[in-house]
Amino acid sequence: AVITRHLGAYGYGEYTTATSFLQFFAIIADFGLTLTAITMLSEQDSQESNKSKNQENNHSTDRESKIIANLTGLRVSSALIFFGIAPMLVLLFPYSGDIKTGVLVGALAYAVLAWNQMLTGIFQRYLAMRHAVLAEVCGRATLLGAMLLASAFGGGVVSMIWAMVAA
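Since the structure is predicted, the reported quantities are computational estimates derived from the model, not experimental observations.

Visitor: Residues and numbers for the pattern of salt bridges, please.
Guide: Scanning all chains against the criterion turns up two salt bridges. The partner of aspartate 30 in a salt bridge is arginine 75, and the shortest N-O contact between them spans 2.6 Å. Note that aspartate 30 is positioned in helix α1 (residues 2-30) and arginine 75 in helix α3 (residues 53-89), a separation of 45 residues in sequence. You can call aspartate 30 partly exposed: its relative accessible area is 25%. A residue is classified by how much of its surface remains accessible, and arginine 75, at 0% relative accessible area, is buried.

Rendered as structure tokens:
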């Protein structure tokens, strides 16, 4: 409501165009890695349950750490690559300067969200969603506050996208 009332129809259209453009790259950068992490860690648990408890603790922790590190590294790499391409590719489209700048700024927010999704998958695996929920609530409160500030100070489309980065 804050965005649509402050930016109006044209500004909201620009905001939506910039964020929708980035969503295409978010889908590509995802590669299903969150689901893959949960699946691999769960498969490892079922394999480890057949081994003795003494061997399980050391081997399980090492293997879990490697899985998480590798998938997180892949997620960060894919996010950097695809969200690095997005601002360059948007230059080829006949969009306004606000949309192009919005994609550039928004790429940062979407890259951080990609990493956040990986952490959420790990929290799901360990049934520790209280951490993810707390982060989500804090992020949403920050987003609302930042958008209200941007609106109060007369910010435009790019300011609203900076609010996403702050959140």
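Still more to cover.
Visitor: Which residues make up the packing of aromatic side chains, and what values go with them?
Guide: Tallying each qualifying case throughout the model produces seven aromatic pairs. Ring centres 5.3 Å apart and planes at 45° place the aromatic pair phenylalanine 21 and phenylalanine 25 in the tilted group. Of this pair, phenylalanine 21 and phenylalanine 25 both sit in helix α1, four residues apart, which is roughly one turn of that helix. One exposure class covers both phenylalanine 21 and phenylalanine 25, and it is buried. Each ring, one from phenylalanine 31 and one from phenylalanine 82, has its centre 5.9 Å from the other, and the planes form 70°; the classification is edge-to-face. Separated by 51 residues along the polypeptide, phenylalanine 31 in the loop between α1 and α2 (33-48) and phenylalanine 82 in helix α3 bring together distant segments of the chain. An aromatic cluster of three or more residues is present, and its members are Phe21, Phe25, Phe93 and Tyr95.

Visitor: Residues and numbers for the packing of α1 against helix α5 (residues 129-152), please.
Guide: Helix packing for two helices is described by the angle between their axes and how far apart those axes are. At a minimum axis distance of 10 Å, the contact between α1 and α5 shows a crossing angle of 85°. Considering the angle they form, α1 stands roughly perpendicular to α5. Packed against α1, whose contacting residues are Val2, Ile3, His6 and Tyr15, the element α5 presents Leu144, Met147, Leu148, Ala150 and Ser151 at the interface. Residues that form the contact of α1 with α5 fall into these classes: seven nonpolar, two polar and no charged.

Visitor: Can you explain the layout of surface pockets? Please cite residues and give values.
Guide: Looking at the largest pocket, its volume works out to about 680 Å³. Along its surface, the largest pocket is lined by 26 residues, and Ala109, Leu113, Asn116, Glu136 and Ala167 are the ones closest to its centre. Of all elements in the fold, only α1, α3, α4 (97-125), α5 and α6 (157-166) reach the threshold of two or more residues within the lining of the largest pocket. Along the lines of polarity and charge, the residues of the lining of the largest pocket split into 17 nonpolar, five polar and four charged.

Each value, and the rule that gives it
Residues numbered from 1 in each chain as written. Predicted model: local features only at pLDDT ≥ 70, side-chain atom pairs only at ≥ 80, totals over all residues. Heavy atoms only, no water. Salt bridge = Lys/Arg side-chain N within 4 Å of Asp/Glu carboxyl O. Helix = DSSP H or I, 4+ residues; strand = E, 2+ residues; numbered from the N terminus. Buried < 20%, exposed > 50% of the residue type's maximum accessible area, 1.4 Å probe, protein only. Phe/Tyr/Trp six-rings, centres within 6.5 Å; stacked < 30°, edge-to-face > 60°. Axes fitted to C-alpha atoms, helices over the stretch in contact; angles between N-to-C directions. Parallel < 35°, antiparallel > 145°, perpendicular 65-115°, else oblique. Contact = heavy atoms within 4.5 Å. Nonpolar A, V, L, I, M, F, W, Y, C, P; charged D, E, K, R; others polar. 1 Å grid on protein atoms, 1.4 Å probe; cavity = no way out; pocket = protein on both sides within 12 Å on 5 of 7 lines; lining within 4 Å. Points joined across faces, edges and corners; volume = space filled by probe spheres on them.

Note that all results are geometric; they support no functional claim without further evidence.
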